[in-house]
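Okay, here's what each chain looks like letter by letter:
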Protein chains: 2
Amino acid sequence: MRSTPRTEAVPVPTPAASLVFTTVLSHGPLTRTGIARRTALSSAAVTKAVRPLMEAGYLVEGVDEESRPALGRPANPLRVDGGRALFIGVKVTGDEIIAVLADLCCRIRVARHLPLTARDPGAVLASITGLVQELLTEADGFGVEVRGVGLAVSGDVDRGAGVVRYSPFLDWRDVPLAELAGTVTGLPVTVDNDVRALTVAEQWFGAGAGISDFALVTVGAGIGCGLVVHGRVVSGAHGVAGEIGHLSIDPLGPPCHCGNTGCVEAIAGDAAIIRRVREVTGLPVTGSDQALDLAHRGDPGAREVYARAGEAIGRAIGAVVNVLGPQRVIISGEGLAAYDLFAEHIRDAFTASAFGTAAQCDVMTRPLPFEEWARGAAATAIQSFIGTDTQ
Amino acid sequence: MRSTPRTEAVPVPTPAASLVFTTVLSHGPLTRTGIARRTALSSAAVTKAVRPLMEAGYLVEGVDEESRPALGRPANPLRVDGGRALFIGVKVTGDEIIAVLADLCCRIRVARHLPLTARDPGAVLASITGLVQELLTEADGFGVEVRGVGLAVSGDVDRGAGVVRYSPFLDWRDVPLAELAGTVTGLPVTVDNDVRALTVAEQWFGAGAGISDFALVTVGAGIGCGLVVHGRVVSGAHGVAGEIGHLSIDPLGPPCHCGNTGCVEAIAGDAAIIRRVREVTGLPVTGSDQALDLAHRGDPGAREVYARAGEAIGRAIGAVVNVLGPQRVIISGEGLAAYDLFAEHIRDAFTASAFGTAAQCDVMTRPLPFEEWARGAAATAIQSFIGTDTQ
DNA sequence: CTTCTTTCATTGACAGCGGAAAAGAACCCA
DNA sequence: TGGGTTCTTTTCCGCTGTCAATGAAAGAAG
C-alpha cells in the first residue's frame, strides 16, 4: 500500500543537534542562549545546530512579543513547528484498538477507536492497518506527511527488535510486529510496551520533561509503572520492569492470578475492586462505574474497599521510591476516576512507607484521557524519528 | 601533613582513553582488537588511546604466551599495572574504622582496623587521619605513591559535594568530610555512601563487571541494596536509593525503628534475628554467632527465625527485580555467614515473588571479607582518579 | 627457503564537531 | 547620535576518532 518515498530524515546528524531539538521539544519556546544554558553547549554550537533544523522547517522562530526584559537585543525564542510532521500512535488492548494522529509536538489531531474481534496477529494487524489507513487519509487533509507509526502493546516487548515477545492479553508470543506493520504500511514502525510508551510521552511532553529520575504509576485494570532513571526509560534486562502490580504487600491478602497472594493488583486492580465491592455489599456490581458510584454515594463497604486499594497503591509507590529515590512520581490511569476515594490513603501509605529523605519525592497526579495510551505510542514514533538513542 | 606535590594526573583526557582504560581494568588482559570490539571504537582510536597510558606505565603488555590462536600475528594482550598507583579506602562504622591500601586493580595490599571511641566529626577525622598516615608509611615501602583516598560512610552522602548529609550511626549532619580530610591528608578525597561504594567495587572489579543492570544486596546489621542501572550507580534524587531494608513486606510483622511494621530489616537484620531467637528459644542469646550456632546445631526455633529472615530477604529481592528487572542480583554482606540457613528460603521467596521473565534474573552470592567495605571505598577513589564521570 | 595467508597493530591523511573570542545586530536610554 | 546591554553569528582553530593503507609477526604452503 502507498509507496512511501522514504522522505528525507530530520536533520539531526550530530549529537548536539539532537540535544538541541529534544530540548526545544520538551521545554517549549526557548531562546538560543537559553538552549545553550540548558544543554551546556556553546552558543556557537547552538547556532550551528539550529540552522539546518530551521531550514528544514522543524524549528521556527516564535515572534513572542511579550515578556521582554526591555534591555538589550530582544531574544528570538525558538519552538518546534508541530505541524511539520505527523505521526500515528496505536494502542492495542485485548478488545479494542485506539489510534491517534499526532503532530510533532505530540498533540492529538484525530483519534479513532476500533473494537477488536479476533486476537490473532493476523486479525489484529488487519485492524491496525485499517485504522492507520483511515488516519493516513485524515493526514492528507493536513497536507503533511506521516513520518512514523508507534504501536503500544502490553506485555514483554523488545523495542529494539520490534518484537512482541509475550503478551498475555493478546496471547501472542514472539510476533515481529514492527516488521509486519512496516511492510504493510510502508512507514517506519516502532513497537514498545504500553506503559513504557506512556512514560516516553510523559518524559518528553508531560510532567517528566526535564526530570532525569521519575516514575509513572498507572492505575486501572492493572497497576503498572514506567521508570526513568538517569534520563532513560528502564526496560529491564529481560524486558520486564516496573511490575509493581505484582509486588506482594500482604501475605494474607487475596490471591492473585500470578500465583502469589496480596499483590497490589489483586487489591487495587479494577477487577479486584469490583469483586470485593460485590462481596462486601452483596450487590450485583459488575463494572467500575457502578462500584465507583456506590462509593461516591457513601456506601461504607465500598468506600473501605477503595481505601484499602489506595493504601496498597501508596505502599507500592513507597516501595518504588525507597528503591529508586526518584524525584517525582506521576500517578495516572483510568483508575484515576476514583482518585478522590484513593488520594488520602495513597498519600498516607506512601508517607508511612517512604524512608528518610526519599519521602521528599514529589507525588502528583495527572488525568489520563482515553487516547493517552495511543499518544504514548505516537511519542515513541516521534522518538524514533528524531533518532535520539532514547537519550 | 605531607605536602603532596599534586602529582601528574592519569593521562585519560579523552572519553575514548577513559573508556579504554576502564575496559581493560574490568575485563582483564585484552588485546587491542578486543578492546576495539568491546568499546565499539576503531582500532586506530584504541592504538592512540593506549600509547600515553602505556608510556605513563598504567597499561603494560602481558606476554601471555598461552591461548594463541596459532594463526596470524600473535596478539599483545594489555592489562593494567596494578602496582603503578596505590589508593586508600576507609570504611567508617559507628564503632570501628577499617582502612585498606589497595592498588590500581583494587587488590588489597594492607588492611588496618581501629576501634572508634568518639563519634563526633573531629574525633573520627583524627582517627581516619591516623590510619591514613599509617597506610601512607606502608605505601612508601612499595615505592609507589598513593593517589587518592576514598571514604565510605553509611547514610545520606552527597558524593559530588563530598558532604555527609546525614548519618544516623554517627549522628552527623552536613559534614563536609571530603574537604576536611582533603586538607588534612593533602590527597584527593572521595566520599560516598558505603553501599554505593561496595557497588562500585563490584561494578568495576567484581561480579558486576560488564553488566549494565544489577543489584547488590547486603545482608548484615542492616539490609541494603546498591543499584546499577544503565551502567551507572543509582543515587536517588535525594541521595537515598536501594533502601530495601525498609520495604514493608508484612503489615502484621514486627515494628521497625523507622516507625513502620514488617520491614525487611525488622525481620532479617542482625538485631532482629538475635532478638527473635531469644524470644523463641528463651535463651540469653546476645550475638549473631550465638544465634547462628544455635541454628546450626539444629534448634528448630532458631532455624525458623532464619527461615523467616530468608523469606523476607527473598521477597525484598523479588521486589527489586520486579521493579528494575536487573540482569543479576549479587547477595553479600556479613550476614552471609548464615547463608546456608537462608539460601533455600531466599530462593523460594524470590522465585515466588518474581514476575514473568524477571525471574530469569541471575541471583548469586559472594562472600564478603571484612575489609570489603573499605575496598569499596578504595574503588571510589580509583574511579575519581581515572576521572570517568561514573560512566 | 621463499612466498602466501591470516591476524594484529600502526600510521597518516582527513572530516567535522564543538569551543573561544570577537564582531555584528537589535533594542533602550540618555 | 552615541553608549549600554543582551542576543546571535562568524571566523578560526584544536582536537578527536575514522578510513584506508601499510607494516609486523607468526604459521602454512609450495
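A. View of the relation of the copies chain A and chain B. Laying chain A over chain B is done by rotating through 180 degrees and shifting 0.0 Å along the axis; what remains is an RMSD of 0.1 Å. What the superposition gives is, in effect, a two-fold axis relating one chain to the other. Interface residue correspondence from chain A to chain B reaches 100%, placing this contact among same-surface, isologous pairings.

B. How the structure looks around the interface of chain A and chain B. Each partner contributes to the interface: chain A provides 40 residues, whereas chain B provides 40 residues. For the pair chain A and chain B, the summed buried surface comes to about 3,300 Å²; carbon and sulfur atoms form 61% of the total. Seen at the junction of chain A and chain B, the total is 19 residue pairs in polar contact (both at pLDDT 80 or more). Within the residue set of the side of chain A that touches chain B, elements represented by two or more residues are strand 12 (223-229), strand 13 (232-233), helix 10 (300-324) and helix 11 (339-353) of chain A. With six residues, helix 10 of chain A is the largest single contributor of residues to the side of chain A that touches chain B.

C. Structural detail: the protein's contact with DNA strand D. Around DNA strand D, 24 residues are found, and the nearest of them are Gly72(A), Asn76(A), Ser42(B), Lys48(B) and Arg73(B). For DNA strand D, the fraction of protein-proximal atoms (within 4 Å) that sit in sugar or phosphate groups is 62%. In the environment of DNA strand D, a base oxygen lies 2.9 Å from a nitrogen or oxygen atom belonging to the backbone of Arg73(A). If you list the elements that add at least two residues to the surface near DNA strand D, you get helix 2 (32-39) and helix 3 (43-55) of chain A together with helix 1 (15-26) and helix 3 (43-55) of chain B. The dominant element in the surface near DNA strand D, judged by the number of residues it contributes, is helix 3 of chain A, at four residues. Among the residues forming the surface near DNA strand D, the class breakdown is 10 nonpolar, nine polar and five charged.

D. Representation of the protein's contact with DNA strand C in the model. Taken together, 24 residues form the shell around DNA strand C, and within it Lys48(A), Arg73(A), Arg32(B), Gly72(B) and Asn76(B) come nearest. A breakdown of the atoms of DNA strand C within 4 Å of the protein gives sugar and phosphate a share of 64%. Here a phosphate oxygen of DNA strand C sits 3.1 Å away from a polar atom, N or O, in the side chain of Thr47(B). Elements with a minimum of two residues in the surface near DNA strand C: helix 1 (15-26) and helix 3 of chain A together with helix 2 (32-39) and helix 3 of chain B. Tallied by class, the residues present in the surface near DNA strand C amount to nine nonpolar, nine polar and six charged.

E. Highlighting the domain arrangement of chain A. Residues and elements named next belong to chain A. Its domain assignment divides chain A into domain 1 (15-80), domain 2 (85-202 + 372-386) and domain 3 (207-365). Domain 1 and domain 2 are separated by 31 Å when their C-alpha centres are compared. Across the contact, five residues belong to domain 1 and six residues belong to domain 2. Between domain 1 and domain 2, the buried area comes to about 480 Å², and carbon and sulfur atoms account for 79% of it. Inspection of the region where domain 1 meets domain 2 yields zero salt bridges. Applying the counting rule to domain 1 against domain 2 returns one residue pair in polar contact (both at pLDDT 80 or more). When residues of the side of domain 1 that touches domain 2 are assigned to their parent elements, the largest contribution, three residues, is made by helix 1.

F. Focus on the side chain of Glu202(A). Mapped onto the elements, Glu202(A) comes out in helix 6 (residues 194-205). Setting aside its immediate chain neighbours within four residues, Glu202(A) contacts Ala207(A), Gly208(A), Ala209(A), Phe214(A), Leu216(A), Ile330(A) and Arg366(A).

G. The packing of helix 8 (residues 270-281) of chain A against helix 9 (residues 288-296) of chain A, seen in detail. All names here are of chain A. Relative orientation of the contacting elements helix 8 and helix 9 amounts to 55 degrees, with a least axis distance of 9 Å. Accordingly, the angle class assigned to the pair helix 8 and helix 9 is oblique. You can see that helix 8 and helix 9 cross each other, and the crossing is left-handed. The residues of helix 9 that touch helix 8, namely those facing Asp-270, Ile-274, Val-277 and Thr-281, are Ser-288, Ala-291 and Leu-294.

H. The arrangement of the packing of helix 1 of chain B against helix 2 of chain B in detail. All names here are of chain B. Closest axis-to-axis distance for the helix 1/helix 2 pair is 10 Å, and the angle between their directions is 110 degrees. Classified by the interaxial angle, the pair formed by helix 1 and helix 2 is roughly perpendicular. Here helix 1 contributes Leu-19, Val-20, Thr-23 and Val-24 to the contact with helix 2, which in turn contributes Ile-35, Arg-38 and Thr-39. A per-class count over the contact of helix 1 with helix 2 returns four nonpolar, two polar and one charged.

I. Just helix 9 of chain A, in detail. All names here are of chain A. Among the residues of helix 9, Ala-291, Leu-292, Leu-294 and Ala-295 are the ones counted as buried. Down the axis of helix 9, the buried side of the element spans an arc of 160 degrees, and every buried residue falls inside it. Against the buried residues of helix 9 lie helix 8, helix 10 and helix 11.

Definitions and limits used
Residues numbered from 1 in each chain as written. Chains lettered and ligands numbered in written order. Predicted model: local features only at pLDDT ≥ 70, side-chain atom pairs only at ≥ 80, totals over all residues. Heavy atoms only, no water. Least-squares fit on C-alpha atoms with pLDDT ≥ 70 in both. Contact = heavy atoms within 4.5 Å. Buried area = accessible area lost by both parts, 1.4 Å probe. Polar contact = N/O pair within 3.5 Å; in protein donor to acceptor, adjacent residues only side chain to side chain. Helix = DSSP H or I, 4+ residues; strand = E, 2+ residues; numbered from the N terminus. Near = heavy atom within 4 Å. Nonpolar A, V, L, I, M, F, W, Y, C, P; charged D, E, K, R; others polar. Domains from an automatic or database assignment. Salt bridge = Lys/Arg side-chain N within 4 Å of Asp/Glu carboxyl O. Axes fitted to C-alpha atoms, helices over the stretch in contact; angles between N-to-C directions. Parallel < 35°, antiparallel > 145°, perpendicular 65-115°, else oblique. Left-handed = near helix turned anticlockwise from the far one by under 90°. Buried < 20%, exposed > 50% of the residue type's maximum accessible area, 1.4 Å probe, protein only. Arc of directions from axis to C-beta.

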